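Descriptive analysis of the structure
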Amino acid sequence: MSAVRPKSWYLEKLAQVFIWFFLIAVCILVLIPLLFMFTASTMPAIDILKLPYPWFSDHFHWQNFWNGLRGPEGDFIFVRNTLNSLIVAVSVSFFTVILSSITGYGLAKFKFKGRNLVFMLIMATMMIPFEAIMIPLYMVVTDMGLQDTYVGLIIPFVANAFGIFLMRQFFIPFPDEVLDAARIDGASEPRIFWNVVLPNAGPAIATLAIIAFRAQWDNLLWPLLIVQSDEMKTIPLYITKYMAETHSDEGIMMAVAVMASLPMFILFFTLSKYFVSTEGLHSSTKG
Amino acid sequence: MRPKQGFSMEQKKARWGWIFVTPALILFSIFSFYPMLNAFYESFHNKNLLSLRPPRYVGWANYTYLFQSKDFLNSVKNTAIFTLGTFIPLLVVSLILAAFIMSIKKFQRFFQMAFYAPAVLSSVVAALIWLLIFDPRGIANQGLNTLFGTSGVNYNWLSKPGMLRLSTIIVYFWKYVGYFTIVFVSGIGSIPHNLHEAALIDGANRWQDFWYITFPLLKPTTLLVSIMAMIQCLKTFSTQYLFITAGAPTRPINVITLNIYYTAIKDHRIGRASAMSILLFLVMFFFTYLQLKVSKTEEVTYM
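From a predicted model like this one, the values you see are computed outputs, not experimental measurements.

What follows is about the interface of chain B and chain A. In this complex, chain B contributes 88 residues to the contact, which on the side of chain A involves 96 residues. Taking both sides of the interface into account, the surface hidden between chain B and chain A amounts to around 8,400 Å²; carbon and sulfur atoms contribute 79%. By the criterion of area lost to chain A, the three top residues of chain B are F20, F31 and L132 of chain B, representing 9% of everything that side buries. Joining chain B to chain A, the criterion identifies zero salt bridges. Inspection of the chain B/chain A interface yields seven residue pairs in polar contact (both at pLDDT 80 or more). Element by element, the count of residues in the side of chain B that touches chain A is highest for helix α1 (residues 2-43) of chain B, at 23 residues. Among the residues making up the side of chain B that touches chain A, the classes are represented as 64 nonpolar, 14 polar and 10 charged.

The following block contains the structure:
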């Protein structure tokens, strides 16, 4: 029986070989630029421009990382800018989570006149792309005297319609009996929110925090509009100014690229569950 | 006494509801609604960013100017080329990759993670890496020269208009293909198993199973992915901006977002920039509206 194989068996095998070949080929193509970044970051610039590119060098040119940290003028401006990126991304992430939970909780668990209207208004902001309002937004923030400040970098992104939607959906199934029991015990509403509701929202909070953090870590357009001084620059601004505009040493460029991606890689490898699975709706949020 | 207390409890709750949603409403008013209304307002006015003079009403002049401006039409063309050139390959390739991943038994998660890896980088870093790859001495030229058996041919990735456009498309495609693959994988994964089994019992081969079962049922996901990809592409900014600051010619990759930025910040013409913003808004509004409609209907497709 098994000696005579039908034609479809061979076709099936052939298809399988092709599928594996295709997947592996695409995988290599996709990973080559990443491999290039990592290898080039450990080479002196002369090696990177050698023809052909030497994929593996025998010694680790760590000076790229040191020079990258020192910055073009040796004043460690890159460290300062990295700190700015962290401050902005962590703050936006923190305040987005807090505000989205409060608002989402209010919309999910309290009945009040106009609640549906409030919800619709908030959802409507998802239709407003950041790119279309960035110029008026820039004028608003400048009029408030917030250009070149952390507050100016953070505040436009704190109210996040997608975040509110996410938290609202998460809180709707939360049992009302638990809330009422706490009320009968005499707990105040803010206290119930803080001690009873919020501690149970872990997964939703993690998802939202990562989405907000990534959006700000990646943000070039808004800092480009409102940051003026070198001290307030974030990493994307640092890279456009010192890596692209004034063409830097190629090895240092890639070392900076690696260092700028480090927080993301750490998040990716530790929290990949929240990182990938829930991203489906993330494109419609601003940032 | 009792019913009255219950009534005031309801009232108290309603008050707390308002207290919980008010901070967000205030922030949205200042940072979303007002700027949106302001963009409409400014688009009918003439205003210089640096002058203190109040905006002057000009009617539709900003819009009529835009539709005659070569610079604006050029950036519409660039955005259209970039969007179509990116989202169609993204859609096709990520669907193929997802179907292939779902058809193998091992390493499914490995391939998903590998394809997704570039999305971990920020757009500026992604563009920076490709800036070196597209260098005349970079590995893009070396790769093509090895492939075609030529030597020393420079494909001018960052200087010839067509190649420059292709370069920005490649960067974007590379960064997002894994993300959309994962969206498709979860779409394929949510198709009930018994449908495939029924098809296989009826004697369908794997190709027929994909073409007659998976693909039609994947239509909502496909629609959702294409709209999401389109919205992403219309918003593109970082790659083009970084390439231009690194010395690439502006004209072929001057997309709308870049044009808005330059018009407002370099030329100080707020009215024109706002009119462009409104046009971009209208296009993206249309697609976002479609996306919301589609994602709402998606859950009930296997009935």
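From this point on, the discussion continues.
This brings us to the side chain of S261 of chain A. One can find S261 of chain A in helix α14 (residues 250-270). Among the polar contacts made by the side chain of S261 of chain A, one reaches the main-chain carbonyl oxygen of A257 of chain A at a distance of 2.6 Å. With residues near it in sequence (within four places) discarded, S261 of chain A still touches M37 of chain A together with L121 and V125 of chain B.

Here we take up the domain arrangement of chain B. All names here are of chain B. Here chain B is partitioned into domain 1 (2-43) and domain 2 (61-300). Between domain 1 and domain 2, the C-alpha centre-to-centre distance is 37 Å. Counting from both sides, the interface comprises five residues of domain 1 and, opposite them, eight residues of domain 2. Across the domain 1/domain 2 interface, buried area totals approximately 530 Å², and carbon plus sulfur atoms make up 73% of it. Considering only the side of domain 1, the residues that lose the most area to domain 2 are M36, E42 and S43, jointly responsible for 72% of the buried surface there. Applying the counting rule to domain 1 against domain 2 returns two residue pairs in polar contact (both at pLDDT 80 or more). Of the residues assigned to the side of domain 1 that touches domain 2, the class counts are three nonpolar, one polar and one charged.

Next up on the list: helix α2 (residues 61-68) of chain B. Every buried residue belonging to α2 of chain B is among N62, Y63 and L66 of chain B, and all of these are buried. End-on, the buried residues of α2 of chain B take up no more than an arc of 95°, which puts them together on one face.

It is worth spelling out the packing of α14 of chain A against helix α4 (residues 108-120) of chain B at this point. Where α14 of chain A meets α4 of chain B, the axes come as close as 10 Å, and the angle between the chain directions of the two elements is 145°. Where α14 of chain A crosses over α4 of chain B, the two elements pack in a sense that is right-handed. Contact residues: M264, F265 and F268 of chain A in α14 of chain A; M113, Y116 and V120 of chain B in α4 of chain B. Residue composition of the contact of α14 of chain A with α4 of chain B, grouped by class: six nonpolar, no polar and no charged.

It is worth spelling out the nonpolar core at this point. Counting 200 residues, the largest nonpolar core has F36, M37, W222, I239 and M254 of chain A together with F243 of chain B as the members making the most contacts within it. Counting residues per element, this core draws most heavily on helix α7 (residues 161-189) of chain B, which supplies 15 residues. The residues contacting M254 of chain A, other than those within four sequence positions of it, are F36, M37, A40 and S41 of chain A together with L128, I129 and L132 of chain B.

Glancing now at unusual backbone geometry. Here F76 of chain A, not a glycine, exhibits a phi torsion of approximately 55°, which is positive. Following the sequence through the fold, F76 of chain A ends up in the loop between α3 (63-70) and α4 (77-109). The exposure class assigned to F76 of chain A is partly exposed, which follows from its relative accessible area of 33%. The residue N156 of chain B is not glycine, and still its phi comes out positive at about 50°. As for its placement among the helices and strands, N156 of chain B is situated in the loop between α6 (139-148) and α7.

Glancing now at the domain arrangement of chain A. All names here are of chain A. Looking at chain A, the domain boundaries give domain 1 (7-68) and domain 2 (71-284). Between the C-alpha centres of domain 1 and domain 2 there is a distance of 33 Å. Listed per partner, the contact involves 14 residues of domain 1 and 16 residues of domain 2. Taken together, the two surfaces of domain 1 and domain 2 that pack against each other cover about 1,200 Å², and 78% of this comes from carbon and sulfur. Area buried by domain 1 at its contact with domain 2 is led by M37, F65 and G68, which between them contribute 39% of it. Linking domain 1 with domain 2 are zero salt bridges. Counting the contacts that link domain 1 with domain 2 gives two residue pairs in polar contact (both at pLDDT 80 or more). Looking at the side of domain 1 that touches domain 2, the elements with two or more residues in it are α1 (7-40), α2 (45-48) and α3. When residues in the side of domain 1 that touches domain 2 are grouped by element, the largest group, five residues, is from α3.

All names here are of chain A. Counting across every chain of the model gives six salt bridges over all chains. A salt bridge links D176 to K109; its shortest N-O distance comes to 3.6 Å. Here the residue D176 occupies a position in helix α9 (residues 176-184), and K109 occupies one in helix α4, the gap between them amounting to 67 residues. With relative accessibility at 8%, the residue K109 sits in the buried group. D230 is the partner of K241 in a salt bridge, and the nearest nitrogen-oxygen pair spans 3.3 Å. Separated by 11 residues along the polypeptide, K241 in helix α13 (residues 235-245) and D230 in the loop between α12 (221-226) and α13 bring together distant segments of the chain. The class for D230 is partly exposed, based on a relative accessible area of 23%.

The rules behind each value
Residues numbered from 1 in each chain as written. Chains lettered and ligands numbered in written order. Predicted model: local features only at pLDDT ≥ 70, side-chain atom pairs only at ≥ 80, totals over all residues. Heavy atoms only, no water. Contact = heavy atoms within 4.5 Å. Buried area = accessible area lost by both parts, 1.4 Å probe. Salt bridge = Lys/Arg side-chain N within 4 Å of Asp/Glu carboxyl O. Polar contact = N/O pair within 3.5 Å; in protein donor to acceptor, adjacent residues only side chain to side chain. Helix = DSSP H or I, 4+ residues; strand = E, 2+ residues; numbered from the N terminus. Nonpolar A, V, L, I, M, F, W, Y, C, P; charged D, E, K, R; others polar. Domains from an automatic or database assignment. Buried < 20%, exposed > 50% of the residue type's maximum accessible area, 1.4 Å probe, protein only. Arc of directions from axis to C-beta. Axes fitted to C-alpha atoms, helices over the stretch in contact; angles between N-to-C directions. Left-handed = near helix turned anticlockwise from the far one by under 90°. Core = buried A, V, L, I, M, F, W, Y, C linked by side-chain atoms within 4.5 Å.

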